[in-house]
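Spelled out from the first residue to the last, the chains are:
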Amino acid sequence: MKLEEFDFHLPEELIAQVPLKNREASRLMVLDKETGEIQHNVFSSITEYVKPGDCLVLNDTKVLPARLYGSKEETGGKVEVLLLKQESDDVWETLVKPAKRIKEGSTIVFGDGKLRAVCTGILDHGGRIMKFQYDGIFYEILDELGEMPLPPYIKEQLDDQDRYQTVYARERGSAAAPTAGLHFTEHLLEKLKDMGVHIAFITLHVGLGTFRPVSVEDIDSHEMHSEFYQMTEGTARLLNEVKGNGGRIITIGTTSTRTLETIASRNDGVFKEESGWTSIFIYPGFEFKGIDAMITNFHLPKSTLIMLISALAGRENVLHAYETAVEEKYRFFSFGDAMLIK
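Residues numbered from 1 in each chain as written. Predicted model: local features only at pLDDT ≥ 70, side-chain atom pairs only at ≥ 80, totals over all residues. Heavy atoms only, no water.

A.B. asks: Explain helix α4 (residues 254-266) here, please?
C.D. replies: Because each turn of an α-helix spans 3.6 residues, side chains separated by three or four positions in sequence point in the same direction. Between its first and last C-alpha, α4 extends 18 Å over 13 residues, near the 18 Å set by a 1.5 Å rise per residue. Counting buried positions along α4 yields 11 of 13 residues, so the element is predominantly enclosed. Residues of α4 that are buried include every one of T254, T255, S256, T257, R258, T259, L260, E261, T262, I263 and A264, and no others. Positive phi appears at D268, one or two residues downstream of α4, with a value of about 55°. (Helix = DSSP H or I, 4+ residues; strand = E, 2+ residues; numbered from the N terminus. Expected span 1.5 Å × (residues − 1). Buried < 20%, exposed > 50% of the residue type's maximum accessible area, 1.4 Å probe, protein only.)

If you want it as structure tokens, here you go:
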């Protein structure tokens, strides 16, 4: 398939720059993947579309305050470092700007010397392997010195950093939030549990590859960046029981979807305790073995994310739904509105 087949017109003013004060107050578009029928509602009404015995699968990854501002020790030149992936204890793959200043052996100093980083390797596109040096606990220092790495299409600064975290975030390691989960409140999750809906958690640490544009015309040639995922034995057992009892597995976001389909595709539709790295690329023609429905936000034109939901709901259905979303002035991307594909 061609990249242009996943393009649509998106007015810039529909890109949500700030989150709503009430997480549940986002709009909800409901798309029937079989008929293409569309309904409009609010997110708090999600309780109307699930039933006892269904299972919502949420990604409990926690976004790191992974953007650091420092200076090159030798010259004092300003440097920005974005943590991407932990390679070992104190060694991280990072993105550095301006990259040309940082060569192997260069040292960057942050927070008057509370944190130091030495470049030990050079990667493509501004990537650097950095070894960090510090006294104390790394994540506490990162909480003090780092900033939340908001997506490049968000120009506003957040008043409350926690609004770019889900209320159930607990496993540190993400470069970006699993944004479909931002609509949930603890109150709404409790309401769903009281209805008899199961809540399960998996972990997938989102990499910045999720924001990188597809650069090939033939999408078969696109290569995804790998991301770390984990499913516990308890979650695997619950999901298998739900399937066996005829309940639906409803993933919250593309990250949960990619995790479940990675595991299900390896085990002929059965879920197992598993962890590792996935670079699964889901686009039309993909055979889903793990999920029945999903909740997601509205995505970028020509992105791997719109390709994924097109695989689930059909490209024509999705593009028609997106045209409707533009006409109805839905809010797009990370802080935008939600879509239920059922």
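A.B. asks: Help me understand the sheet that holds strand β8 (residues 107-110), please; the structure alone is not making it clear to me.
C.D. replies: Strand-to-strand pairing in sheets goes through backbone hydrogen bonds, with the strands running parallel or antiparallel. Spatially, the 6 strands close up into a barrel ordered β5-β6-β7-β10-β9-β8, and their pairing is antiparallel. Along the sheet, successive strands turn relative to each other by an average axial angle of 45°, direction set aside. (Pairing = 2+ DSSP bridges. Axes fitted to C-alpha atoms, helices over the stretch in contact; angles between N-to-C directions.)

A.B. asks: What's the story with the nonpolar core in this structure? I'm lost.
C.D. replies: A general feature of soluble globular proteins is that nonpolar side chains tend to end up buried together. Counting 65 residues, the largest nonpolar core has Y164, L239, L260, F271, Y322 and F332 as its most contacted members. Counting residues per element, this core draws most heavily on helix α5 (residues 304-313), at 7 residues. The residues touching Y322, leaving out its near neighbours within four places in the chain, are F8, N297, F298, H299, I306, I309, F332 and M339. The next biggest cluster of nonpolar side chains, apart from the first, holds 22 residues, and it includes F43, A180, F184 and I295. (Core = buried A, V, L, I, M, F, W, Y, C linked by side-chain atoms within 4.5 Å. Contact = heavy atoms within 4.5 Å.)

A.B. asks: What is the right way to look at the sheet that holds strand β14 (residues 249-252) in this model?
C.D. replies: Spatially, 9 strands are ordered β2-β1-β17-β16-β14-β3-β12-β13-β15 in an open sheet, and the strand pairing comes out mixed. Of all strands in the sheet, those with a lone pairing partner are β2 (38-42) and β15 (274-278), marking the two edges. Neighbour to neighbour, the strand axes of the sheet diverge by 25° on average, direction disregarded. By the bridge criterion, 3 bridges tie β14 to strand β16 (residues 293-297) in an arrangement that is parallel. Bridge pairing links I252 to I295 in β16. Helix α3 (residues 233-244) contacts β3 (55-59), β12 (198-204), β13 (227-231) and β14 of the sheet and is inclined by roughly 130° relative to β12.

A.B. asks: Would you mind showing me how to read the packing of α5 against helix α6 (residues 315-327) here?
C.D. replies: Two packed helices can be described by the angle between their axes and the distance between those axes. In contact at an axis separation of 7 Å, α5 and α6 are set at 120° when each is read in the N-to-C sense. Considering their axes alone, α5 and α6 lie oblique with respect to each other. Only R315, N317, V318, L319 and Y322 of α6 make contact with α5, whose side of the interface consists of I306, I309, S310 and A313. In the contact of α5 with α6, the residues fall into 6 nonpolar, 2 polar and 1 charged. (Parallel < 35°, antiparallel > 145°, perpendicular 65-115°, else oblique. Nonpolar A, V, L, I, M, F, W, Y, C, P; charged D, E, K, R; others polar.)

A.B. asks: What is the right way to look at α5 in this model?
C.D. replies: Among the 10 residues of α5, 10 are classified as buried, and the element is accordingly described as predominantly covered. Taken together, the buried positions of α5 are occupied by T304, L305, I306, M307, L308, I309, S310, A311, L312 and A313. Residues of α5 that are buried make contact with β1 (27-31), α4, β16, α6 and β17 (338-341). Remark: G314 follows α5 within two positions and exhibits a positive phi of approximately 95°.

That's the geometry; what it means functionally is another story.
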